[in-house]
Amino acid sequence: MTIHMVKLCVGAEDIEDLENWQTRLMEQGREPFHHTRMMPKQKDQLLDGGSIYWVIKGAIRVRQRIVDVRQIAGEEHSMCELVFDPNLVRTYAKRKKAFQGWRYLKPADAPRDLTSGEAAVDIPPDLDAALKQAGVW
């Protein structure tokens, strides 16, 4: 059964910052990746169609499919390398409070993708939630 991961995109002001960071990695011959200290216990479920949902400025805004989870040697201890599909998929903004590390995200709790015909309006998550609740959005 598929499970996702959610992680803060620390230092990114917007989706373009994430895109630029990963473009620089790919220009160096690397795949988009992120190192984290803890190896996910549900690695197989992540690799079964799971994505990482990036939190930017207090809301989940974009996701990437996880294509590999590797254990690598760190300076003091082993690390986990999460490898992503380079395609960034914009999602509806979903408010998410700050947290450390990463968390699992059930598919039912993940925001849906924006389709190609929908505008990726970057409005504040609170306004987005209020408009949806009012049935306007």
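Above this text sits the structure in question.
Every chain's residues receive numbers from 1 upward, in the order its sequence appears when written. For this predicted model, a pLDDT threshold of at least 70 governs which residues receive local features, and a threshold of 80 or more governs which side-chain atom pairs are given and counted, while totals over whole chains, interfaces and linings are taken from all residues. Side-chain descriptors were evaluated using all non-hydrogen atoms of the structure, hydrogens and water having been removed beforehand.

## Here's the deal with the nonpolar core
Which entries qualify depends on this criterion: To define a nonpolar core, start from buried Ala, Val, Leu, Ile, Met, Phe, Trp, Tyr and Cys residues and group those joined through side-chain atoms within 4.5 Å. Partly exposed residues are those whose accessible area sits between 20% and 50% of the maximum for their type, while under 20% is buried and over 50% is exposed, using a 1.4 Å probe and protein chains only. Here a strand is any run of E in DSSP of at least two residues, a helix any run of H or I of at least four, and the numbering for each starts at the N terminus.
Within the largest apolar cluster, 18 residues are counted, with the highest numbers of intra-cluster contacts made by Met5, Ile52, Trp54, Val62, Ile66 and Leu82. Counting residues per element, the ones that place at least two in this core are helix H1 (15-27), strand E3 (51-56), strand E4 (59-73) and strand E5 (78-84). Val6, Ile60, Leu105 and Ala110 belong to the second largest nonpolar core, which has eight residues in total.

## A word on the environment of Ile52
Where we set the bar: Whether two residues touch is decided by their heavy atoms; if any such pair falls within 4.5 Å, the residues are in contact.
The topology assignment puts Ile52 in strand E3. Placed 13 residues apart in sequence, Ile52 and Arg65 show a C-alpha to C-alpha distance of 6.3 Å. Here Ile52 is in contact with Met5, Lys7, Val62, Arg63, Gln64, Ile66, Leu82 and Phe84, once residues within four sequence places are set aside.

## Topic: the environment of Ile15
Here Ile15 lies in helix H1. In this structure the C-alpha to C-alpha distance between Ile15 and Leu88, which are 73 residues apart in sequence, comes to 8.7 Å. Setting aside anything within four residues of it in sequence, one finds Ile15 in contact with Ile56, Arg61, Val62, Leu88 and Arg90.

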